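Single-letter residue listing:
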Amino acid sequence: DKYMGIGFIGGASKIGENDYEKMIVKGTCQTLEKEYLRLTAPPRAELVRPQPILERHLCKLMEERGNEKHREYVWFCSQFKA
């Protein structure tokens with residue numbers, strides 16, 4: 001109850017389905033390549049990529065990984081986390 005109580009979403013004592021609906025963020029960001037940043041605040045739609053953009057970026061990453069001249073492993077990890 002510590003994490004599900006007051007101050008989580010509108011002060012509700014238990015989280016219901018409507019509360020989860022309020023948490024959904026529909027992304028509008030069209031940028032493929034982004035740096036990974038740990039969230040310290042609620043996500044903003046303009047910084048979240050929608051699923052079609054994420055799928056396109058995944059295909060691009062897989063193609064790039066297959067090339068002989070590919071980027072560093074750490075960069076790929078960052079892209080997958082972002």
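Residues numbered from 1 in each chain as written. Predicted model: local features only at pLDDT ≥ 70, side-chain atom pairs only at ≥ 80, totals over all residues. Heavy atoms only, no water.

**Q** Just give me the short version of the confidence of the model for the protein, but keep the residues and values in it.
**A** For the protein, per-residue confidence averages 77 on the pLDDT scale, and 70% of positions sit at 70 or higher. The least confident element of the protein, judged by mean pLDDT, is helix α1 (residues 17-23) at 65; the most confident is helix α2 (residues 51-66) at 89. (pLDDT = per-residue confidence, 0-100. Helix = DSSP H or I, 4+ residues; strand = E, 2+ residues; numbered from the N terminus.)

**Q** Provide a residue-level description of the pattern of salt bridges, including the pertinent values.
**A** Two side chains bearing opposite charge may form a pair once their charged atoms approach each other closely. Evaluation of the coordinates by the stated rule reveals one salt bridge. In this structure, E46 engages R44 in a salt bridge whose closest nitrogen and oxygen atoms are separated by 2.7 Å. (Salt bridge = Lys/Arg side-chain N within 4 Å of Asp/Glu carboxyl O.)

**Q** Talk me through α2; I want residue IDs and the actual numbers.
**A** The end-to-end C-alpha separation of α2 is 23 Å, in line with the 22 Å expected for 16 residues at 1.5 Å each. Of all the residues in α2, the buried ones are I53, H57, L61 and E64. The buried side chains of α2 occupy one side of the element, clustering within an arc of 75° when seen end-on. Opposite the buried face of α2, by more than 90 degrees, sit the exposed residues Q51, P52, M62, E63 and G66. Against α3 (73-81) lie the buried residues of α2. (Expected span 1.5 Å × (residues − 1). Buried < 20%, exposed > 50% of the residue type's maximum accessible area, 1.4 Å probe, protein only. Arc of directions from axis to C-beta. Contact = heavy atoms within 4.5 Å.)

**Q** Help me get a handle on the packing of aromatic side chains, residues and values and all.
**A** Tallied over the full model, the rule gives one aromatic pair. With a centroid separation of 5.0 Å and 85° between ring planes, the pair formed by W75 and F76 is classed as edge-to-face. Accessibility classification places W75 together with F76 in one group, the buried group. Above the ring of F76, the side-chain terminus of R65 is found at 5.3 Å from the ring centroid. Geometry around Y36 places K81 over its ring, the cationic atom sitting 4.7 Å from the centre. (Phe/Tyr/Trp six-rings, centres within 6.5 Å; stacked < 30°, edge-to-face > 60°. Lys NZ or Arg CZ within 6 Å of the ring centre and 35° of its normal.)

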